Amino acid sequence: MDWFEVRQVNRDLWMIAEPGHVVSWLYLGSEFAALIDSGTGIAPIKPVVEALTNLPVKLINTHYHFDHIGGNAEFTERLAGEKAEALLLRHAPRDLLQRYIDGLLPLIAKADADRAADPDYMALTPELMLRPFPAGFDAKAWCPGGVAATGLLWEGDEIDLGDRKLRVIETPGHSPDGICLFDPAHGVLFVGDTLIEGPLYAHYDESSLADLALSVGKLARLETPVQAICSGHVARAIAEVSLIAETGQALQQVAQGAPYRMGRDIFGYGLRETRTGRVWVYHSDGKASSFPLHD
Ligand SMILES: [Zn+2]
């Protein structure tokens, strides 16, 4: 089985999922293609992109986290938010990557059982179903990071793809360097990890619930209607754009002290979890209790 699950959403938009890990998006203009994030680097993503388009590719990172930048070195034009400049030069800590893999191995084993129970994918979609690591993948040598951006993006900057443009919206909160990318003419919004159906990670030491709430507020006030939300961990373009308002409400409830239960993230670290509908906010007590995401 291939590592990637590729789906064409419409004429100009492709989803490139690493099932159960992360989703990168390929957005085609008349002159350039934008690749939104480059995945985990567990398998090369550039051959997948080159099979889909002949256009020159502008890679744009939504933020520096290891599961979004692993393929950066495969591309010559690498754009990121200006606050990501220094962070992209760091690497994900060995211990963090090992915790990630250790957390996934039992889930990968379980996925085999799930696949066997639902071989026709009537309920379980392949985009979400974890796959075995590719043959030849050396977890000990896996070391995402350390690849500089070739261009930095500021709030309001436009990336010209020819017949369409992507505008940069700075959206810190999940991470300090987060950006979203919006095509106002077509209503397509790429959000990285700022909007998620399911676990919204805002419990890291570097996270800020207050910043995240402000960032989501910016997305709620975009001047033209959002038609589709393309998220870094949701393996489809979300047509129910009420997710923006729902996320804003969920963050407001957390800020007002909504009840929570104790939970764990994929790395096995403890956190507070407040579920409101389809948004599950992961947060912490605000004391340094989390872990570094870079060396
Ligand atoms: Zn992230």
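Above this note sits the structure.
All of the points below concern the structure found in this document.

Quick notes on the rules
- Residues numbered from 1 in each chain as written.
- Predicted model: local features only at pLDDT ≥ 70, side-chain atom pairs only at ≥ 80, totals over all residues.
- Heavy atoms only, no water.
- Donors = N, O, S within 2.8 Å, 3.2 Å for Na, K, Ca; no water.
- Tetrahedral: all angles 85-135°; square planar, octahedral: opposite > 155°, others 65-115°.
- Helix = DSSP H or I, 4+ residues; strand = E, 2+ residues; numbered from the N terminus.
- Buried < 20%, exposed > 50% of the residue type's maximum accessible area, 1.4 Å probe, protein only.
- Expected span 1.5 Å × (residues − 1).
- Contact = heavy atoms within 4.5 Å.
- Polar contact = N/O pair within 3.5 Å; in protein donor to acceptor, adjacent residues only side chain to side chain.
- Salt bridge = Lys/Arg side-chain N within 4 Å of Asp/Glu carboxyl O.
- Pairing = 2+ DSSP bridges.

Attention now goes to the coordination of the zinc ion. Looking at the zinc ion, one finds its protein donor set to be H63 (NE2), H65 (ND1), H174 (NE2) and D193 (OD), positioned 2.1 to 2.2 Å from the metal centre. Its 4 donor atoms give the zinc ion angles of 88 to 176° at the centre, a pattern that matches the irregular case. Here the donor residues for the zinc ion map to a single chain with the spacing H-x1-H-x108-H-x18-D. Residue H63 is located in the loop between β5 (57-61) and α2 (66-69), and its partner H174 is located in the loop between β9 (165-170) and β10 (179-183); the two are separated by 111 residues in the primary sequence. By relative accessible area, which is 2% here, H63 ends up buried.

The next point concerns helix α4 (residues 209-220). Between its terminal C-alpha atoms α4 stretches 16 Å, which fits the 16 Å expected from 12 residues at 1.5 Å a residue. Within α4, the full set of buried residues consists of L212, S215, V216, G217 and L219. Summarising the contacts, the buried residues of α4 are in contact with β9, β10, β11 (188-192), β12 (198-201) and α5 (243-255).

Another aspect to go through is the side chain of R167. Looking at where R167 falls in the secondary structure, it is placed in strand β9. At a separation of 2.9 Å, a polar atom in the side chain of R167 contacts the side chain of E223.

With that settled, the discussion passes to the pattern of salt bridges. Oppositely charged side chains can pair when the atoms bearing their charge come close. Within this structure, the stated rule accounts for 23 salt bridges. Ionic pairing is found between E170 and K83, a salt bridge with its closest N-O pair at 3.6 Å. Here E170 is found in strand β9, whereas its partner K83 is found in the loop between β6 (78-81) and α3 (94-117), with 87 residues between them in sequence. The exposure class assigned to E170 is buried, which follows from its relative accessible area of 18%. On the basis of relative accessibility, which here comes to 45%, the residue K83 falls in the partly exposed class. Residue K110 is joined to D114 by a salt bridge in which the shortest nitrogen-to-oxygen separation is 3.1 Å. Residue K110 and its partner D114 are located together in helix α3, separated by 4 residues, close to a single helical turn.

Positive phi, close to 75°, is recorded for D37, a residue that is not glycine. Of note, D37 is situated in the loop between β4 (33-36) and α1 (46-52). Residue D37 is classed as buried on the basis of its relative accessible area, which comes to 1%.

Read across the sheet, 6 strands follow the order β8-β9-β10-β11-β13-β14 without closing on themselves; strand pairing throughout is mixed. In the strand order of this sheet, the two ends are held by β8 (158-160) and β14 (237-238), each with one partner. With 3 bridges joining them, β10 and β11 adopt antiparallel strand pairing. Directly across from D183, in β11, lies its bridge partner V188.

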